[in-house]
Amino acid sequence: MRKSIQTFFTFKTVVAVLTFFAFWATAGTGLCSDAKTVAVFPFEMNASQDLGFLQNGLFSMLSSRLSDAGKVDVLDRETVDKVLAGAKASGLVKGAFNEGVARDLGAQMGVDYVLFGSLTHYGESISLDAAMVDVSGKKETLAFFEQSNAMGDVIPLVNSFAGDINMKVFNRNIDNKMYARPQQQNPTLGGLQSAGGTGLYGGGMMAMQASQGFTTHLKMDDVIRAMATGDLNKDDRLQVVTATDSSLQIYHLEGNMLTEETHLDYPSYLRIIGLDVADINGNGYPEIFVTAMTINRETLSSFVVEYNGSSYTTLQDGLSYYFRVIDSLDGNPVLYAQDKGRGPYAGKIYIMTPANDTYQEEKAIRVPKGTSLLALNRGPVREDSGIEFLSINQHHHLVLINDAGSNEWESTEKYGKTNNYWLTGARGADNTFRDREYFNPRIKFHPAGEDQKEKVFLITNNEIGGGTLGRIKRFKEGRVEVMSWNGIALAPVFQTVPLQGWVSDFDIADIDNDGIEELVISVVTRSKIAILAKDRTSNIISYKLK
């Protein structure tokens with residue numbers, strides 16, 4: 001019994017590693033006419049249990065290891081699945097996939113090579129049987145068969161086969177050290193402890209759960225849309241700023257509870273969706289940069305607020321910008337702004353500079369289409385690449401952006417998601433509903449763990465029914481995840497326990513002024529009676545990071 005339990009956990013670990021090792025080098029780039037093209041067909045899974053997720057992991061691993069920008073392009077999974085479904089419907093594919101079928105389908109698709117195979121899992125043994133077929137028939141088929149008594153050897157087997165293809169077919173050598181399995185570790189995030197179990201990367205999936213759990217600082221009968229922290233009035237303690245639809249609330253901590261200092265109401269037609277706090281104009285009082293829409297959710301009307309020594313005043317309003325403050329290489333805050341464009345994922349993004357009580361566009365930055373400033377940050381993603389941009393795109397995938405403004409890597413998993421949305425100009429088929437573009441929440445870089453290296457903090461909100469309930473998003477739970485680069489992809493190393501409802505925002509700050517930083521989170525909940533009811537209440541909670 002003990003042996004079977006160990007096998008189960010090894011199997012789940014391999015599946016998780018396969019999933020997070022997805023490295024889509026061809027995402028969004030299209031096929032290059034001078035490159036060799038490869039179609040990777042789904043591997044046949046021979047096992048007593050459903051291995052669909054492992055099948056997806058194999059596809060992702062092989063695609064990432066064979067892709068080489070400008071030299072080798074791998075077709076996306078959706079295209080391959082459509083061709084395969086059509087071939088089965090027409091009777092071209094009957095029974096097992098073989099070389100003849102591979103050449104026929106490859107010629108139909110216009111690719112140079114077709115890769116297919118099978119994975120067999122029985123008891124504790126695993127075998128991989130695969131073939132790389134030259135569609136033209138000029139080269140012999142490269143066959144591969146290996147087996148092992150350990151499920152954990154799936155990754156080395158795939159690495160070996162991918163290495164053979166790269167060397168014998170494409171005449172290039174890929175260093176397999178890139179794909180080595182991480183060494184067993186037992187990371188912790190300050191005083192936050194493991195939820196138990198071996199986990200991914202030898203204890204990687206950690207739950208932020210201190211001995212007494214999180215601390216609740218505030219309960220509000222309204223929906224907190226955004227949150228930020230900062231010493232707004234130079235009293236040597238941090239304030240917590242929250243935003244409901246058209247109001248700002250400014251608190252400070254007394255004991256464990258947040259006490260309201262100031263409540264600021266703005267026109268009722270506003271819908272606030274983002275907050276940032278930083279002293280950009282250099283006068284010693286941090287500004288509050290408020291990203292807001294009008295109630296029709298198709299026009300921006302953002303504004304800037306600052307404490308003037310006695311009260312909070314509006315420096316600018318009616319601005320057609322989304323705002324986000326991002327730290328520079330030297331750690332100083334820099335204001336970024338994105339114009340309205342044709343939608344929240346289409347506007348140009350600028351670095352802004354202060355000019356008296358205004359802010360001017362200094363220069364545009366290069367980012368891919370489909371980037372929203374609200375879910376963009378800059379930091380050391382890969383240790384050998386310095387500072388890079390990281391975003392959550394409109395499809396809720398993490399995207400690593402290189403200096404040229406192109407996608408360097410894209411996750412297969414989905415992250416982010418909020419209940420804040422923009423109404424597009426397009427109407428639904430029934431001509432009554434407007435299409436919605438949902439915003440993703442912020443990303444932050446912050447040192448964490450025993451090594452105190454910069455890691456990625458982000459929000460993941462899980463939809464009820466997996467997002468199948470229609471246009472309107474409803475969430476069952478949310479969490480904050482901490483991720484780091486494992487040599488191939490960003491992978492989770494810590495996470496909070498799941499929180500009922502959805503996480504609207506977070507910040508990292510020493511809000512109680514005890515010298516230890518807290519992960520401060522705003523959580524939105526609804527009636528427990530009806531899961532599809534409107535969001536009704538919010539909490540501010542925190543975890544100690546040591």
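Up top you'll find the structure we're talking about.
Every value quoted in this text rests on a predicted model; they were computed, and no experiment measured them.

## Quick word on the overall build of the protein chain
Helices and strands together make up the secondary structure of the protein chain, namely five helices and 34 strands. Out of the 546 residues in the protein chain, the part that is buried amounts to 53%. The contacts in the protein chain between residues at least 6 apart in sequence include a share of 53% that link residues at least 24 apart. For the protein chain, the exposed surface amounts to about 24500 Å²; the carbon and sulfur share of it is 47%.

## A few points about the sheet that holds strand β10 (residues 239-243)
An order of β9-β10-β11-β12 is seen for the four strands of this open sheet, with the pairing classed as antiparallel. In the strand order of this sheet, the two ends are held by β9 (226-230) and β12 (257-265), each with one partner. Sheet twist, expressed as the mean angle between neighbouring strand axes with direction ignored, is 25 degrees.

## Focus: the sheet that holds strand β13 (residues 270-278)
Note: strands within a sheet are paired through backbone hydrogen bonds, in either parallel or antiparallel orientation. If you walk across this open sheet you meet the four strands as β13-β14-β15-β16, and the pairing is antiparallel. Of all strands in the sheet, those bounded by a partner on one side alone are β13 and β16 (312-319). Each strand axis lies, on average, 20 degrees off the axis of its neighbour in the sheet, ignoring direction. As judged from the eight bridges shared by β13 and strand β14 (residues 287-294), these two strands associate in the antiparallel manner. Its bridge partner lying in β14, Asp276 is registered against Phe289.

## A few points about the nonpolar core
Counting 29 residues, the largest nonpolar core has Val38, Leu115, Leu119, Met132, Ile165 and Phe170 as its most contacted members. Those elements that provide at least two residues to this core are β1 (36-40), α2 (52-66), β3 (72-74), β4 (113-122), β5 (125-134), β6 (142-148) and α5 (154-168). Once residues lying within four places of it in the same chain are set aside, the contact partners of Phe170 are Lys36, Val38, Val72, Tyr113, Met132 and Ile165. Listed in part, the 21 residues of the second largest apolar core include Ala243, Leu264, Val277 and Tyr285.

## Thoughts on unusual backbone geometry
A positive phi is found at Lys234, a non-glycine position, where the angle reads about 60 degrees. Secondary-structure assignment places Lys234 in the loop between β9 and β10. Even without glycine at this site, Gln452 takes up a positive phi of about 55 degrees. As for its position among the elements, Gln452 is in the loop between β27 (443-448) and β28 (453-463).

## Side note on the packing of helix α3 (residues 77-90) against helix α4 (residues 99-109)
Packing of α3 against α4 brings their axes to within 11 Å, and their N-to-C directions diverge by 120 degrees. Here α3 is positioned oblique relative to α4, judged by the angle of their axes. In terms of crossing hand, the pair formed by α3 and α4 is right-handed. Contact residues: α3 offers Val80, Val83, Leu84 and Ala87, while α4 offers Leu105, Gln108 and Met109.

## Examining α5
For α5, which comprises 15 residues, the first-to-last C-alpha distance of 21 Å matches the rise-based estimate of 21 Å (1.5 Å per residue) to within 8%. Among the residues making up α5, those that are buried are Val154, Ile155, Leu157, Val158, Asn159, Phe161, Ala162, Ile165 and Asn166.

## A closer look at the packing of aromatic side chains
In total, this model carries 15 aromatic pairs according to the counting rule given. Note on Tyr322 and Trp422: the rings are 6.4 Å apart at their centroids and 55 degrees apart in plane angle, and the pair reads as tilted. Taken together, the residues span a long stretch of sequence, with Tyr322 in strand β17 (residues 321-327) and Trp422 in strand β25 (residues 421-427) at a distance of 100 residues. Between the aromatic rings of Tyr336 and Phe389, the centroid separation amounts to 6.4 Å while the plane-to-plane angle is 80 degrees, which identifies the pairing as edge-to-face. With Tyr336 in strand β18 (residues 333-339) and Phe389 in strand β22 (residues 388-392), this pair connects stretches of sequence that are 53 residues apart.

## Focus on the environment of Val83
Among the structural elements, Val83 can be located in helix α3. When near neighbours in sequence (up to four residues on either side) are disregarded, Val83 contacts Leu105, Gln108 and Met109.

## Here we look at the pairing of strand β30 (residues 490-496)
Most of β30 is tucked away, with seven of its seven residues classed as buried. Where strand β29 (residues 475-485) hands over to β30, the hairpin turn is made up of four residues, of which Gly487 adopts a positive phi near 105 degrees.

## Observations regarding the environment of Tyr321
Here Tyr321 shows up in strand β17. Judged by relative accessible area, which is 16%, Tyr321 ranks as buried. For the pair Tyr321 and Ser302, spaced 19 residues apart in the sequence, the C-alpha separation amounts to 6.3 Å. If sequence neighbours within four positions are ignored, Tyr321 has contacts with Thr291, Leu300, Ser302, Ala337, Gln338, Asp339, Met352 and Glu361. Among the polar contacts listed, one links the side chain of Tyr321 to the side chain of Glu361, at a separation of 2.6 Å.

## With respect to α3
The terminal C-alpha atoms of α3, which comprises 14 residues, lie 20 Å apart, in line with the 20 Å expected from a rise of 1.5 Å per residue. Residues of α3 that are buried: Arg77, Val80, Val83, Leu84 and Ala87. One face of α3 carries all of its buried residues, which in axial projection span an arc of 135 degrees. With respect to the buried face of α3, the exposed residues turned more than 90 degrees away are Glu78, Lys82, Ala89 and Ser90. You can read the cap of α3 off the contacts: a side-chain oxygen lies 3.2 Å from the backbone nitrogen of Glu78, and it is on Asp76. A positive backbone phi angle near 90 degrees is found at Gly91, which sits one or two residues after α3.

## What to know about the pattern of salt bridges
Overall, the coordinates contain 20 salt bridges when judged by the stated rule. Measuring nitrogen to oxygen at the nearest pair gives 3.5 Å for the salt bridge that ties Lys444 to Asp507. Here Lys444, found in strand β27, pairs with Asp507, found in strand β32 (residues 502-509); they are 63 residues apart in sequence, far enough to count as distant. Take Asp507: its relative accessible area is 8%, and that puts it in the buried class. Note that Glu463 and Lys473 form a salt bridge whose closest N and O atoms lie 3.1 Å from each other. Here Glu463 is found in strand β28, whereas its partner Lys473 is found in the loop between β28 and β29, with ten residues between them in sequence. Three or more residues are tied together by salt bridges with common partners; here these are Asp276, Arg324, Arg442 and Asp505.

Calculation criteria
- Residues numbered from 1 in each chain as written.
- Predicted model: local features only at pLDDT ≥ 70, side-chain atom pairs only at ≥ 80, totals over all residues.
- Heavy atoms only, no water.
- Helix = DSSP H or I, 4+ residues; strand = E, 2+ residues; numbered from the N terminus.
- Buried < 20%, exposed > 50% of the residue type's maximum accessible area, 1.4 Å probe, protein only.
- Contact = heavy atoms within 4.5 Å.
- Areas by Shrake-Rupley, 256 points an atom, 1.4 Å probe, with all protein chains shown as cover.
- Pairing = 2+ DSSP bridges.
- Axes fitted to C-alpha atoms, helices over the stretch in contact; angles between N-to-C directions.
- Core = buried A, V, L, I, M, F, W, Y, C linked by side-chain atoms within 4.5 Å.
- Parallel < 35°, antiparallel > 145°, perpendicular 65-115°, else oblique.
- Left-handed = near helix turned anticlockwise from the far one by under 90°.
- Expected span 1.5 Å × (residues − 1).
- Phe/Tyr/Trp six-rings, centres within 6.5 Å; stacked < 30°, edge-to-face > 60°.
- Polar contact = N/O pair within 3.5 Å; in protein donor to acceptor, adjacent residues only side chain to side chain.
- Arc of directions from axis to C-beta.
- Salt bridge = Lys/Arg side-chain N within 4 Å of Asp/Glu carboxyl O.

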